[in-house]
Structures are given as structure tokens and as C-alpha cells.
Amino acid sequence: MSFRESDILITTAQELPGYKIVEVKGVVIGITVRSRGLGGNIAASFRSLIGGEIKEYVEMAEQARMQALERMIERAKALGANAVINVRFDSNELAQNMDEIIAYGTAVVATKSI
């Protein structure tokens, strides 16, 4: 899953250099909940014994963040925004093998500065 950056501007900053924010649409949130499956847990357990990066969890985390970001972007578009500023990620453990990943920011309408 991916998004085209030309569809909507995304930034962790409070401003968009070269743009003027002309309207604030509101807070937008994208959420996904992921479960670490038995196969991934077993493979990760073996890797943790020898140390190093646990690729199964890295891949799952990347996919979850992209899905949460995509959902946030879709909500911003539904509000008529063309940018999201102050974007952040958060995560919570819901159960032993279940994590909630959240992307959130402020949806705005921005115009190119002259």
C-alpha cells in the first residue's frame, strides 16, 4: 500500500514552507490494529535468541504505519483538505499480541505562496 505524495502534502512541521494555510479543517486520525501471528512470533523468538534486527516485526510495523497514514489521508481528503500538518504516530498494546497504531494530524487547505 502506498500513497502518491502529489495527492496531499504531509508534514510533521506546523507549517508548510512555500504555502499559506488558508483553512483548518480539523484533526484527522487513521487507526489500524495488528496482531502478531503465531508464525511471526516463532520466527521472531528464534531471532531474538541470537540478537539483531527482527525483520518480521519491522515489516509488520512498517505496513501498519503505512495503513494508518493512508487512512488518515483519506479522512483529510474527505474533509476537503489538501495537506496534513503536525503529523504524529502513536501506538498502544491492546492485548499480548495485538497493537493499535495511530496516525494523526491537522487537516488544512493550503495555497502556494507567491
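The rules we used
Think of each chain on its own: its residues are numbered from 1, step by step along the sequence as written. Local features in a predicted model are, by the rule used here, given only for residues with pLDDT of at least 70; side-chain atom pairs are given and counted only at 80 or more, and totals for whole chains, interfaces and linings are based on all residues. Hydrogens and water are ignored here; the side-chain numbers use all heavy atoms of the structure. UniProt positions are given in the numbering used here, feature names are shortened, and annotations may be inferred rather than shown by experiment. Candidate patch residues must exceed 30% relative accessible area and have no salt bridge, after which like charges are joined if within 9 Å and Val, Leu, Ile, Met, Phe, Trp or Tyr side chains if within 5 Å. In this description, accessible areas are obtained by the Shrake-Rupley approach with a 1.4 Å probe, and a residue is regarded as covered only by the protein chains that are shown. We define a salt bridge as a contact between a side-chain nitrogen of Lys or Arg and a carboxyl oxygen of Asp or Glu at a distance within 4 Å. Runs of H or I in DSSP of at least four residues are treated as helices and runs of E of at least two as strands, each being numbered from the N terminus. To sort residues, take the accessible area from a 1.4 Å probe on protein chains only and compare it with the maximum for the residue type: under 20% means buried, over 50% means exposed, and anything in between is partly exposed.

An unreviewed UniProt entry lists the chain under the name UPF0145 protein D1869_05350, from Sulfurisphaera ohwakuensis. In UniProt, the chain has this text filed under Sequence similarities (unreviewed entry): "Belongs to the UPF0145 family."

Let's talk about a nonpolar patch on the surface
On the surface, a nonpolar cluster with roughly 590 Å² of combined accessible area is contributed by V27, I29, I31, V33, L94, M98 and Y104. Secondary-structure elements contributing two or more residues to the nonpolar patch are β2 (19-35) and β4 (98-112). Tallying contributions element by element places β2 first for the nonpolar patch, with four residues. Topologically, Y104 is positioned in strand β4.

Some points on the pattern of salt bridges
One pass over the structure, following the stated rule, counts three salt bridges. The shortest N-O distance in the salt bridge between K77 and D7 comes to 3.6 Å. Residue K77 is located in helix α2 (residues 55-78), and its partner D7 is located in the segment before β1 (9-10); the two are separated by 70 residues in the primary sequence. Relative accessible area serves as the criterion here: at 33%, D7 is assigned to the partly exposed category. Residue K25 is joined to E23 by a salt bridge in which the shortest nitrogen-to-oxygen separation is 3.1 Å. Assessed through its relative accessible area of 37%, E23 is described here as partly exposed. In this structure, a network of salt bridges that share partners links the residues D7, E74 and K77.

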